[in-house]
Amino acid sequence: MSRRRPHEEEDGYDRVYRKRRRVSENQEIEDRLESLILRVGEKSTSSLESNLEGLASVLEADLSTFRVKILRILTDCAIRMPEKCTIYTTLVGLLNAKNFNFGGEFVEYMVRTFKESLKLCKWDGARYALRFLADLVNCHVISATSLLQLLDNMMDCANEEAVPRVRRDWYCFAILSTLPWVGRELYEKKEQALEHLLVQIEVFLNKRNKKHHNALRVWAVDVPNPQEEYLDCLWSQIRKLRQDNWAEKHIPRPYLAFDSILCEALQHSLPSIIPPPHQDTFQYPMPWVIFRLFDYTDCPEGPILPGAHSIERFLIEEHLHSIIEMYHLERKDCAAHLLDFPYKLKIPLEYCIVEVIFAELFNMPTPRYLEIAYGAMLIELCKLQPATMPQVLAQATEMLFLRIDSMNVSCFDRFVNWFSYHLSNFQFRWSWEDWDSCLSLDGEHPRPKFIRETMLKCMRLSYWQRIREILPDSFSCFIPEKPEAYYKYSQEGAGELSNEYLLIDHRFNFTLTCVYLNPTYGWTKKCLATMLHSLVSNFV
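Figured I'd write up the structure that's included with this text. Predicted, not measured: the structure shown is a model, and the values here were computed from it. (Residues numbered from 1 in each chain as written. Predicted model: local features only at pLDDT ≥ 70, side-chain atom pairs only at ≥ 80, totals over all residues. Heavy atoms only, no water.)

### Some thoughts on the side chain of Glu228
- Positionally, Glu228 belongs in the loop between helix H9 (191-207) and helix H10 (230-243).
- Among buried charged residues, Glu228 stands out as having no salt bridge; its nearest opposite-charge side chain is Arg292, 5.8 Å away.
- A distance of 2.9 Å separates a polar atom in the side chain of Glu228 from a polar atom in the side chain of His309.
- Setting aside residues up to four positions removed in sequence, Glu228 forms contacts with His213, Cys233, Ser236, Val289, Ile290 and His309. (Helix = DSSP H or I, 4+ residues; strand = E, 2+ residues; numbered from the N terminus. Buried < 20%, exposed > 50% of the residue type's maximum accessible area, 1.4 Å probe, protein only. Lys, Arg positive; Asp, Glu negative; His and termini not counted. Salt bridge = Lys/Arg side-chain N within 4 Å of Asp/Glu carboxyl O. Polar contact = N/O pair within 3.5 Å; in protein donor to acceptor, adjacent residues only side chain to side chain. Contact = heavy atoms within 4.5 Å.)

Pasting the structure below:
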């Protein structure tokens, strides 16, 4: 029998209250941990190294209670925030140095995520997971030998027979796009195995059929900038990186500051990972051609644009494409994040942004998003950066116009649609006199045809008199025909049509009377549809 007095007895309300309070406190701690993990690497008064060290200590203290939550958040960040890959791999490396068991659990969790992404055809997620696993080698969390075994298994998938070409291409692309992060470490520790992998890739690319290349080109000629197939271009960039001893200048590597700590940590080995076999329901990314508009000679004094075969060009473009993918539904946020690019002081950012946006707009056979989305992005960019962006965009437009002779017909139409939309948002102002050379060309030549098509689109976005005012007198031949209403009863011979007009009028009144007198219908959609059908039948 209880010795507690009656007034000391605990009622159900107190127990429920204390339970809810514990749940609420746990939820607050989880939210705080998630906020700390998501925000690491953002602008702060403290250095990134001190923030990472402090966050690792906080997470280590909470591992016993929130282990699953921390695993899930870190894995999500690895997939959804690939631009902060090296920051989170450093954080995982510090946690692995403090708690070896947690490091092993995270590797298992990441491998499971990688396998699920492959099974569910989440190809970008699988590539980001592979990149994260590769960068963990730099943090001494995963052994280089086990990573090379995984890459060899993926290369075996690229060499499979009786599977779609796009499947084989993707596995090769995934391997190549991972090497900029881990190539230096593999070169120092497993040079022979790395060279063997590169030889396999080269043999694969030499045997590869590229019938699709011509169909995906924006221009029919490679002058002045070549249009390379995406795997060929990336392979050239990797070869240039190998010539430079795998040294690049774009990827931040915060784990170098903790090298003395990470080197003492024990490493984990990846389990044997066999990619899932091909199934008929799998859909793989389609190939594409690398769009090139600018080179270093097109940029004014300032930061130099990386060469077409430098790995920095690939890393910059991939980062900008990921920003567009993440924010394409919000044009203002997208423009703000594009202009807030982390390395904007080291590159001619405006030129890189314009080239990437046009690359998406002219992507063959269809752009990734609606054409107007890219026009809206460029308008917001001009508003946010009025000192430089309009000039760069005008330069790009001039270059596209000069190369329009050999432009793909689909890209020609998209260029017309974008240019007319852009002019309509900037009072239709343009230096038309710079294009007066097209006045002496045949009317069916692509350049005068482009101006004529643009004026037709502009008239749909404005009115005929406005189009006549914006064009100089010398360009009067490009002014569209003035649209006028055609009313056949005011034309010659309209008397012969009077009987037809009266018949239609009587039938129209009869239809209205029937609808009005029918009490079961009233003014419903069905009645209106019947009336319209009756009227249409009179003209047939």
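Moving on from the model shown.
### Considering the packing of aromatic side chains
- Taken as a whole, this structure holds 31 aromatic pairs when the rule is applied.
- Consider the rings of Phe415 and Trp418, whose centres lie 6.2 Å apart with planes at 10 degrees: the pair is stacked. One end of the pair, Phe415, and the other, Trp418, are both in helix H17 (residues 409-424), 3 residues apart, so they sit about a helical turn from each other. No difference in accessibility class separates Phe415 from Trp418, as the two residues are buried.
- Here the aromatic rings of Trp418 and Phe419 are separated by 6.0 Å at their centres, their planes lie at 40 degrees, and the arrangement is tilted.
- Here Arg131 stacks its cationic end above the ring of Trp181, 4.0 Å away from the centre of that ring.
- Above the ring of Trp219, the side-chain terminus of Arg403 is found at 3.6 Å from the ring centroid. (Phe/Tyr/Trp six-rings, centres within 6.5 Å; stacked < 30°, edge-to-face > 60°. Lys NZ or Arg CZ within 6 Å of the ring centre and 35° of its normal.)

### Quick notes on the nonpolar core
- Membership of the largest hydrophobic core comes to 91 residues, with the highest contact counts inside it found for Leu74 and Ile201.
- The greatest single-element share of this core, amounting to 12 residues, is contributed by helix H8 (residues 165-189).
- For Leu74, the residues in contact, after removing those within four places along its chain, are Ile37, Tyr88, Leu91, Val92, Leu95, Phe102 and Phe106.
- The next biggest cluster of nonpolar side chains, apart from the first, holds 69 residues, and it includes Tyr343, Ile347, Phe412 and Trp435. (Core = buried A, V, L, I, M, F, W, Y, C linked by side-chain atoms within 4.5 Å.)

### Here we look at the environment of Ala396
- Structurally, Ala396 is set in helix H16 (residues 389-402).
- Among the residues examined, Ala396 registers a relative accessible area of 0% and is labelled buried.
- Separated by 103 residues in sequence, Ala396 and Leu293 place their C-alpha atoms 7.6 Å apart.
- Those residues within four positions of Ala396 in sequence are excluded, and the remaining contacts are Leu293, Phe294, Val354 and Phe358.

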